[in-house]
Amino acid sequence: MAWGLPKLPGLTFSDPTKTQYHIRSSLRYYQGHRFPDTLIRGPGGTATDVDSNAFALPDDSVTYDPSLTYGRVKQAALPAVIPHWVHYDKRCLKFTAFFKQPVFENPDENYRVRVVNIVYFLEDDTITVIEPRVKNSGLWQGRMVKRGKIPKNDLGEFWHWKDLDIGKDICMYGKVFHTVSCDLYTKEWLESQGIELSKEEDLPTDPYTEKERWKNIQPPKRSKSHDDRLLRFLEYEGKVLSFNVVWDNRDAEHGELTEYKMYYFLQDDNISIKELHDGRGGKDPFPLLLKKRKLPKKWKERPVSFPSIALEITDEEVTEYYSPRDLIVGETIFVLGRRFLIFDCDAFTRKYYKSMLNIEQPPPIEVRHDTRKEFPKSFPPHIGIGAPEDTLQSCFGLVPKPPHKDVIKYNLNANKYLRYLCELDWIHPEDNGRQFVMAYSLADGTLKIGEIPRRNSGIREGKFLKAMRLQTPESNPNFPTYFTPDRFYIGAIVPVFKHRFKIVGCDLYVYRYMSANPEKFPQEVIDNVRNYHMREGNLKDELEEAIRDEQAAETRAQLAKIGQAAVAEPSAMERCLTALNVVEGSATPPRPPTPPMTTDRLPYEESLRINRLSKPTCDNIVPLKGILKSGAAKDDHQKVVCFSGPEVERQEPAHPATYQPGQQPHFDEDPDFCHKFKDADADDRAERRAKDICPYELIPSKQIQNQTGEEMAVKPKLPGYLGTYDVDCKEAPEYMRLPSDAYEKIKHMRRDVPEISPQALRMSKFPPEPMPSVDTCVNPPPEPQGPCAVTKEDVSFSCPRVEPGLPCCDPDKREQK
């Protein structure tokens, strides 16, 4: 070819021997790897123009070919190179993987597990995915991904054998395959290249395949137990194992850690779970999470063909129920799909496990609850409409409820008011002297104020404040506090809507209410009201009653003290009164030798002394028994004027001295007053008594023998006072003997006895009434009836007299006739 000629027709020359016109590859292979070829050749492998000698320079040692000058040198043969595609031909890496295919609108399964084989070809780094065919699967199976280089990411990288491993997710065209294992050649080849594979995994179970497998497997049948239910009921009735369990549901949305009580009934192996409410969870207060029933370990364990809609599960379908051996502290049980942790049990349960099952329950497990930050509740201010309590109810629920009312308090204190007299703390002169009545209702705590009318005051009196609860000055408007009776006392200032009222008085019911409820009032308030009523003179009846109670208490104490030393010896006064016949049936024979056990019967002289010391009022003194015609005394008389010795049947003296009622001789200053009524042999008996000699030979009577149960010889009847009762003086005990100075004591005591009872003396001073007519005695008027009916006393005066009486309006002070 001529150089420098233009490529025009007639100026170009072609090589007729040239037969190859292909372009040589720019890459060459060395040991299976491709490298760029630095030797440039023309079409068909011919040399380029730059390789000719025309372009060679004499001083160019690189392009200068010495063989042109010195001839060719003999070279050694090149080694044989096995290409990469030949060395790895039909060699591939195989991984077993799976992917989950979702299934929509199918009640039997939600997804399918499809197993595939990932094949990597080492000769050209291509990958294919093939799903093994399953007979009668109904799925389109076979090659899923065509062989080729699979892109790894958006950067232009492809999956390489260095990226493959067991347990790795491989995404191919939007579908993720998870590898679980590989074959032996793959494992050995990757380990030879320095790659260590992960541990093999198991293929997940397909729900539909598992369901079909259980169709062909019959569930095991439980053996029938030969348990005596009646015997178990008699032995374990009322014996329950109690466990503290917790349900951790914090993985779910709005879940929490909730505590429950689980009860295991030993009599029938039933289990119930009770929910514990703290009042702050906002849940409906259901009493039981699980009602009493047997709890299966696998709650979904039932035959596939079991008609759950029509029938309930029985013991035939359940393999095993929970028993006491499964309920151990620290273990987890499943209650119908819920996972419960047992963290504690009671003392009876621990004792049962130790004695019956020889199992030591572990110590309790500490369950830590999440501490939630509690934010303070802020309540809106009162809007001014209605009471603050009504507005506050709208903050506790969507449907406001009326405030709770104490119905019991209202019913017990209905129409009960504490009334106070108030004066206006005036500033203007026209308000001076205005008085108000403030009434506090004990039923609902309301306060109302009304002004007392004044004649020609020029002010419209009447209602000043309607019934309402009055707030205290220091109360919070949103959470008010109201006035209570413990803040009302004499001199207290009560502010009422910018008016100031000063309490200057109260009625007697206020003080009685305070005395009946001292725990509701400070002691200073009670003393303040008491002092006010003392100054007003309203507590006279209370003072008199207190004095009488104190005197009665002192009297009872003295009677008890004297009664302890009382003996059954008849006193000289009793014998003197028996001779005078002042009180019929008072003098009695000596008692049997047994001291009295009662403190109500006293010697007459002691009763008179106590009566003088007590100083009773005239209204409390009743005539003595001897003044009454009928001779009957009242109960209160018999406790004060009662003589020693029981009232037993006795024989009357041979010649008793009798007097008409009201005509008995009274004691005078005559020193021989009692001697005139002595027996004829009284002096003789006194001399014998002074010599410590029994004045009579006394023999106990038949009545005393019957009481003591002793049999004594019958002795001739002895003369004398004691002899009339067949009492032997020698047999009488020491305490029954009459002392020598008995008459002297009686003489001094009788000087203090009044001639007539104080009440009879008081009644004698009243003017006499006219004698009733004969017709009144023949046809007496009807007896008065009602609470004010009064019966006249049966007193032997010459004419009827006017008797003072208490008013009918005071039933507590009226004398009971």
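Model, not experiment: these values are computed from the prediction.

1. Description of the overall build of the protein chain
A count of helical and extended segments in the protein chain gives 19 helices and 20 strands. Buried positions account for 28% of the 817 residues belonging to the protein chain. For the protein chain, the exposed surface amounts to about 57,700 Å²; the carbon and sulfur share of it is 54%.

2. Let's talk about a positive patch on the surface
A cluster of basic residues, Arg 419, Lys 448, Lys 463 and Lys 466, forms a positive patch on the protein surface. Position of Lys 463 relative to the elements: it lies in strand E18 (residues 463–468).

3. What to know about the packing of aromatic side chains
Summed over all chains, the structure comprises 15 aromatic pairs. Pairing Phe 99 with Phe 177 gives two aromatic rings, centres 5.5 Å apart and planes at 80 degrees, and the pair type is edge-to-face. One end of the pair, Phe 99, is in strand E3 (residues 92–102); the other, Phe 177, is in strand E8 (residues 175–182), and 78 residues separate them in sequence. Per residue, the accessibility class of Phe 99 equals that of Phe 177, and both read buried. Here the aromatic cluster, defined as three or more aromatic residues joined through ring pairs, consists of Tyr 420, Tyr 440, Phe 483 and Phe 488.

4. A few points about the confidence of the model for the protein chain
On average, residues of the protein chain score 75 in pLDDT, and 65% of them are at 70 or above. Ranking the helices and strands of the protein chain by mean pLDDT puts strand E5 (residues 126–131) first, with 95, and helix H14 (residues 635–640) last, with 37. For the stretch residues 615–654, pLDDT sits under 50, and the model shows 69 contacts to residues farther than four places along the chain or on other chains. Counting interchain partners and residues more than four positions distant, the pLDDT-below-50 stretch residues 792–799 has 18 contacts.

5. Observations concerning the nonpolar core
Grouped together as the largest cluster of nonpolar side chains are 31 residues, with contacts concentrated most on Tyr 420, Met 438, Phe 488, Val 494, Ile 503 and Met 514. When sequence neighbours within four positions are dropped, the list of residues in contact with Met 438 reads Leu 418, Arg 419, Tyr 420, Cys 422, Leu 447, Lys 448, Ile 449, Phe 488, Val 494 and Ile 503.

6. Examining unusual backbone geometry
Peptide bonds are mostly trans, and most non-glycine residues show a negative phi. We note that Lys 90 has phi near 60 degrees; this positive angle belongs to a residue other than glycine. Here Lys 90 is to be found in the loop between helix H2 (84–87) and E3. The class of Lys 90 is exposed, set by a relative accessible area of 78%. Of note, the phi angle at Asn 358 is positive, near 55 degrees, even though the residue is not glycine. Residue placement: Asn 358 occurs in the loop between helix H6 (347–356) and helix H7 (388–393). According to the relative accessible area criterion, Asn 358 is exposed, its value standing at 64%.

7. Some points on a nonpolar patch on the surface
A cluster of nonpolar side chains, contributed by Tyr 29, Ile 82, Trp 85 and Val 86, occupies part of the molecular surface with about 420 Å² of accessible area. Inspection of the secondary structure puts Ile 82 in the loop between helix H1 (67–70) and H2.

8. Some remarks on the pairing of strand E4 (residues 111–121)
For E4, a buried count of eight out of 11 residues is recorded, marking the element as mostly surrounded by other parts of the structure. Summarising the sheet, E3 and E4 pair through 11 bridges and their orientation is antiparallel. By the bridge assignment, Phe 95 is partnered in E4 with Ile 118. Looking at chain direction, E4 and E5 are connected through five bridges and run antiparallel. Residue Tyr 120 lies in a different strand from E5, and its bridge partner there is Ile 127. Linkage of E4 to E5, two consecutive antiparallel strands, is achieved through a turn of four residues, within which Asp 125 is found at a positive phi near 60 degrees.

9. Points about the sheet that holds E18
Pairing within the open sheet is antiparallel, and its six strands lie in the order E18-E17-E16-E15-E20-E19. Looking along the sheet, the strands with just one partner apiece sit at the ends: E18 and strand E19 (493–496). Strand-to-strand twist of the sheet, defined as the mean angle between neighbouring strand axes without regard to direction, takes the value 30 degrees. Taken together, the five bridges between strand E16 (residues 435–441) and strand E17 (residues 447–451) define a ladder with antiparallel strand orientation. Along E17, the bridge assignment pairs Tyr 440 with Leu 447. Relative to strand E15 (residues 417–424), helix H9 (residues 508–516) is tilted by about 130 degrees, and along the sheet it contacts E15 and strand E20 (499–506).

10. Quick notes on the sheet that holds strand E9 (residues 240–248)
What the six strands build is an open sheet, ordered E12-E11-E10-E9-E14-E13; its pairing is antiparallel. At either margin of the open sheet sits one strand with a lone partner, and together these are strand E12 (288–293) and strand E13 (332–335). Taking the axes of each pair of neighbouring strands and ignoring which way they run, one obtains an average angle of 35 degrees across the sheet. Bridging between strand E11 (residues 270–275) and E12 involves three bridges; their strand directions are antiparallel.

Cut-offs applied
Residues numbered from 1 in each chain as written. Predicted model: local features only at pLDDT ≥ 70, side-chain atom pairs only at ≥ 80, totals over all residues. Heavy atoms only, no water. Helix = DSSP H or I, 4+ residues; strand = E, 2+ residues; numbered from the N terminus. Buried < 20%, exposed > 50% of the residue type's maximum accessible area, 1.4 Å probe, protein only. Areas by Shrake-Rupley, 256 points an atom, 1.4 Å probe, with all protein chains shown as cover. Patch = residues over 30% accessible without salt bridge, like charges linked within 9 Å, V, L, I, M, F, W, Y side chains within 5 Å. Salt bridge = Lys/Arg side-chain N within 4 Å of Asp/Glu carboxyl O. Lys, Arg positive; Asp, Glu negative; His and termini not counted. Charge placed at Lys NZ, Arg CZ, Asp CG, Glu CD. Phe/Tyr/Trp six-rings, centres within 6.5 Å; stacked < 30°, edge-to-face > 60°. pLDDT = per-residue confidence, 0-100. Contact = heavy atoms within 4.5 Å. Core = buried A, V, L, I, M, F, W, Y, C linked by side-chain atoms within 4.5 Å. Pairing = 2+ DSSP bridges. Axes fitted to C-alpha atoms, helices over the stretch in contact; angles between N-to-C directions.

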